[in-house]
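Topology and contacts: notes
Below, each chain spelled out in residue letters.
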Amino acid sequence: MKKASGSRQSPPRRGARSRRAGIDSRARAWLRHHRAVGLDSARRLLRRPLSSLLTMLAIGIALVLPAGLWLALSGADDIGRRLQDSATLTVYLSPAVSESRSMTIADTLRRHPDVASARLITAAEGAAEFQQALGLEDALAELDDNPLPASVVIAPVDTSPAAVRDLGDQLERVDGVDEVRVDLAWLERLRRLAAFGRRLTLALGGLFGLGALLVVGNTIRLSVESRRREIEVVTLIGATHAFVRRPFLYSGAWYGLGGGVVAWLLLALGGRWLAAPLHELAESYGAHFGMPALGWQGSAMLLLSSTLVGWLGGWIAVHRHLADARPR
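Quick caveat: nothing in here was measured; it's all calculated off a predicted structure.

Observations regarding the overall build of the chain
- A count of helices and strands for the chain gives eleven helices and four strands.
- Restricting to contacts in the chain with at least 6 residues of sequence separation, those with at least 24 account for 81%.
- Accessible surface computed for the chain: about 21000 Å², of which carbon and sulfur atoms make up 61%.

Here we look at the nonpolar core
- Among the nonpolar cores identified, the biggest contains 24 residues, and I59, I220, V224, F248, Y255 and L302 are the most heavily contacted of them.
- Those elements giving two or more residues to this core turn out to be α3 (49–85), α8 (185–226), α10 (241–284) and α11 (295–321).
- Other than its neighbours up to four places away in sequence, I220 contacts F248, S251, G252, Y255, G314, A317 and V318.
- One finds I105, A106, V115 and V152 within the second-largest nonpolar core, a separate group that totals 18 residues.

Focus: the sheet that holds strand β1 (residues 89–93)
- Strand order in the open sheet formed by four strands is β2-β3-β1-β4, with antiparallel pairing between adjacent strands. Looking along the sheet, the strands with just one partner apiece sit at the ends: β2 (115–121) and β4 (177–181). Strand-to-strand twist of the sheet, defined as the mean angle between neighbouring strand axes without regard to direction, takes the value 20°.
- As judged from the four bridges shared by β1 and strand β3 (residues 151–156), these two strands associate in the antiparallel manner. Across the sheet, residue Y92 finds its bridge partner in β3, namely S151.
- In the packing of helix α4 (residues 99–110) onto the sheet, contacts are made with β1, β2 and β3, and the angle to β2 comes to roughly 170°.
- The strands touched by helix α7 (residues 161–172) are β1, β2, β3 and β4; relative to β4, the strand with the most contacts, the crossing angle is about 170°.

Examining a nonpolar patch on the surface
- A contiguous nonpolar surface patch, about 560 Å² in accessible area, is contributed by L50, L53, L54, L57, I61 and L266.
- Counting residues per element, the nonpolar patch draws most heavily on α3, at five residues.
- Here I61 lies in helix α3.
- In this structure I61 comes out as exposed when scored by relative accessible area, which is 54%.

Quick look at the pattern of salt bridges
- For the structure shown, the criterion picks out four salt bridges.
- R44 serves as the salt-bridge partner of D40, at 3.0 Å between the closest nitrogen and oxygen. Of this pair, D40 and R44 both sit in helix α2 (residues 11–47), four residues apart, roughly one helical turn.
- Take R44: its relative accessible area is 24%, and that puts it in the partly exposed class.
- As a salt-bridge pair, R101 and D175 come within 3.5 Å of each other at their nearest N and O atoms. Of this pair, R101 sits in helix α4 while D175 sits in the loop between α7 and β4, and the two are 74 residues apart along the sequence.
- For R101, a relative accessible area of 33% puts it in the partly exposed group.
- With relative accessibility at 59%, the residue D175 sits in the exposed group.

The rules we used
- Residues numbered from 1 in each chain as written.
- Predicted model: local features only at pLDDT ≥ 70, side-chain atom pairs only at ≥ 80, totals over all residues.
- Heavy atoms only, no water.
- Helix = DSSP H or I, 4+ residues; strand = E, 2+ residues; numbered from the N terminus.
- Contact = heavy atoms within 4.5 Å.
- Areas by Shrake-Rupley, 256 points an atom, 1.4 Å probe, with all protein chains shown as cover.
- Core = buried A, V, L, I, M, F, W, Y, C linked by side-chain atoms within 4.5 Å.
- Buried < 20%, exposed > 50% of the residue type's maximum accessible area, 1.4 Å probe, protein only.
- Pairing = 2+ DSSP bridges.
- Axes fitted to C-alpha atoms, helices over the stretch in contact; angles between N-to-C directions.
- Patch = residues over 30% accessible without salt bridge, like charges linked within 9 Å, V, L, I, M, F, W, Y side chains within 5 Å.
- Salt bridge = Lys/Arg side-chain N within 4 Å of Asp/Glu carboxyl O.

Below, the structure written as structure tokens:
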């Protein structure tokens, strides 16, 4: 009797193990179905290569313009940071200040806590640089007195426009200083132009992203209509909306990923095509500027964004037309 009672206690453990195995098997079945649906969706796109390629081209072209503008803005921001880091102030001393007094004023300016460096340009050095730059050696040589004052070129510690203006106001109060020239109007214009470009890029990105959604949505809608009988059959045997929606979501994601690859190729080819004339233009101004590239982070962001756009377009199309595809 004891042995019989002991044998009755063993079945609950087998029941617990069978329940755990059931959860694992359902998870494996769910993963297998996702893999099978993803591969089947890719094969369906490959069976219609021309139409699939045209859809991907439309998505890629819609993504090229905002991505190209984003690259251009990145390059402009880089140039703006370089120019801001090289921002300087020119302190013109009074014409009556002697050369020894000019050196004393330059030493005073160097000790200012907001000044990174200060370079004194005497009146004679300023005249020589002016003659060499404009080729007026003969004209200036006929003058009795040098009309150019001594100056000090200041490199500020903080190169932000507000800090540079505040430093210029402080330096104007130094004894012997006649004028402080701070030319930051062009930097402010560049900053405002960059802010406008960012807003324009966001607006165009939203509009062209909506266009890509419409392209994918229309393609998936046609696919839903062509598979209406199949959807009605699987719905009759108890398939859920998630089960029916899954292959179309994978199709939209494949369309989006293909469009992202097309956009990446167009950007790469366009960058190489524009690199040579842009390099020549930069060299004509004595500067070095290369064509900005996406890099691996930008490429991953582009492909991920395009895939999400395709997936969202497929979801919207199926959600809208799934009710009409139910059996009546």
